[in-house]
Amino acid sequence: QVQLVESGGGLVQAGGSLRLSCAASGRTFSSYNMGWFRQAPGKEREFVATISWSGGRTYYSNSVKGRFTISRDNAKNTVYLQMNSLKPEDTAVYYCAADITIQTMTPHYWGQGTQVTVSS
């Protein structure tokens, strides 16, 4: 069982930056592919980014590629999402996810979410 706690969300102006963090409990963090998803009001939850267990591979949705960077620190059981050049359409609740099957981008564990609001 893995517990995930996100932090770092907030209100930012368009063009600004935020860094989300996700702290994970459990000794198996370093064996999990980790990632971020988001859900905007009235929309389905969507994939944002994933990083492999070693950190050697990353995957991004087309909508964030070139603006967002996912990284991890296995010594700290933490995964990060650096978000730059934010746009109003990035406004959503961002969820940390663990134990992601890369072929389907399906996680087994979810965090509670952190709100990101980008004003125009």
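See the structure shown above.
The structure presented is a predicted model; accordingly, all values stated were derived computationally and were not measured. (Residues numbered from 1 in each chain as written. Predicted model: local features only at pLDDT ≥ 70, side-chain atom pairs only at ≥ 80, totals over all residues. Heavy atoms only, no water.)

K.L.:
Can you break down the state of the cysteines residue by residue, with the values?
P.N.:
Applying the stated criterion across every chain, the model contains one disulfide. Covalently, Cys22 is tied to Cys96 through a disulfide, its sulfur atoms 2.1 Å apart. Of note, the bridge from Cys22 to Cys96 carries an S-S torsion of about -80° and is left-handed in sense. Note that Cys22 is positioned in strand β3 (residues 18-24) and Cys96 in strand β9 (residues 92-98), a separation of 74 residues in sequence. The pair formed by Cys22 and Cys96 is uniform in burial state, with each residue classed as buried. (Disulfide = S-S within 2.5 Å. Helix = DSSP H or I, 4+ residues; strand = E, 2+ residues; numbered from the N terminus. Buried < 20%, exposed > 50% of the residue type's maximum accessible area, 1.4 Å probe, protein only.)

K.L.:
Outline the pattern of salt bridges, listing residues and values.
P.N.:
Per the stated rule, a full pass over the model turns up three salt bridges. Of the charged contacts in the structure, one is a salt bridge between Glu46 and Arg38, with a shortest N-O distance of 2.6 Å. A salt bridge links Arg67 to Asp90, with the shortest nitrogen-to-oxygen separation between them at 2.8 Å. Of this pair, Arg67 sits in the loop between β6 (58-60) and β7 (68-73) while Asp90 is found in the loop between β8 (78-83) and β9, placing the two residues 23 residues apart along the sequence. One continuous salt-bridge network, built from bridges that share partners, spans Arg38, Glu46, Arg67 and Asp90. (Salt bridge = Lys/Arg side-chain N within 4 Å of Asp/Glu carboxyl O.)

K.L.:
Go over the sheet that holds β7 with me, naming the residues and quoting the values.
P.N.:
Where strands meet in a sheet, backbone hydrogen bonds hold them as pairs that are either parallel or antiparallel. Pairing in this open sheet of four strands is antiparallel, and the strands run β1-β3-β8-β7 from one edge to the other. Two strands bound the open sheet, and with one partner strand each, they are β1 (4-7) and β7. Mean inter-strand twist for the sheet, computed between neighbouring axes without regard to direction, equals 15°. Direction of pairing for β1 relative to β3: antiparallel, over a ladder of four bridges. Pairing of Glu6 across the sheet is with Cys22, part of β3. (Pairing = 2+ DSSP bridges. Axes fitted to C-alpha atoms, helices over the stretch in contact; angles between N-to-C directions.)

K.L.:
A description of the side chain of Ser61 should follow, citing residues and the corresponding values.
P.N.:
With respect to the helices and strands, Ser61 occurs in the loop between β6 and β7. Ser61 sits in the buried class, given a relative accessible area of 12%. A polar contact is formed between the side chain of Ser61 and the side chain of Ser63, at a distance of 3.1 Å. Residues within four places of Ser61 in sequence aside, it is in contact with Phe47 and Val48. (Polar contact = N/O pair within 3.5 Å; in protein donor to acceptor, adjacent residues only side chain to side chain. Contact = heavy atoms within 4.5 Å.)

K.L.:
Summarise the nonpolar core; cite the residues concerned and give the values.
P.N.:
Buried together is how nonpolar side chains tend to be arranged in soluble globular proteins. The biggest cluster of nonpolar side chains holds 30 residues, and the ones touching the most others in it are Leu4, Met34, Trp36, Leu81, Met83 and Tyr94. Of all the secondary-structure elements, those providing two or more residues to this core are β3, β4 (34-39), β5 (46-51), β7, β8, β9 and β11 (114-119). Here Leu4 is in contact with Cys22, Ala23, Ala24, Met34, Cys96, Ala97, Ala98, Tyr109, Trp110, Gly111 and Gln112, once residues within four sequence places are set aside. Formed by five residues, the second largest nonpolar core is a distinct cluster that contains Phe37, Ala97, Ile100 and Met105. (Core = buried A, V, L, I, M, F, W, Y, C linked by side-chain atoms within 4.5 Å.)

K.L.:
I'd love a proper account of the packing of aromatic side chains, names of residues and values included.
P.N.:
Two aromatic rings are characterised by how far apart their centres lie and by the angle between their planes. Enumeration according to the criterion identifies four aromatic pairs in this entry. Aromatic pair Tyr32 and Tyr109: ring centres 6.1 Å apart, planes at 40°, arrangement tilted. Placement of the pair is Tyr32 in the loop between β3 and β4 and Tyr109 in strand β10 (residues 109-110), with a sequence separation of 77 residues. Taken individually, Tyr32 and Tyr109 each receive the classification buried, so the pair is uniform in this respect. Ring geometry for Tyr95 against Trp110: centres 6.3 Å apart, planes inclined by 85°, an arrangement best described as edge-to-face. With Tyr95 in strand β9 and Trp110 in strand β10, the pair connects residues that are 15 residues apart, well separated along the chain. Trp110 gets classed as partly exposed once you look at its relative accessible area, which sits at 34%. Taken together, the ring pairs connect Phe37, Phe47, Tyr95 and Trp110 into an aromatic cluster. Just above the ring of Tyr95 sits the side chain of Arg45; from NZ or CZ to the centre is 3.7 Å. (Phe/Tyr/Trp six-rings, centres within 6.5 Å; stacked < 30°, edge-to-face > 60°. Lys NZ or Arg CZ within 6 Å of the ring centre and 35° of its normal.)

So yeah, pure geometry; function would need other evidence.
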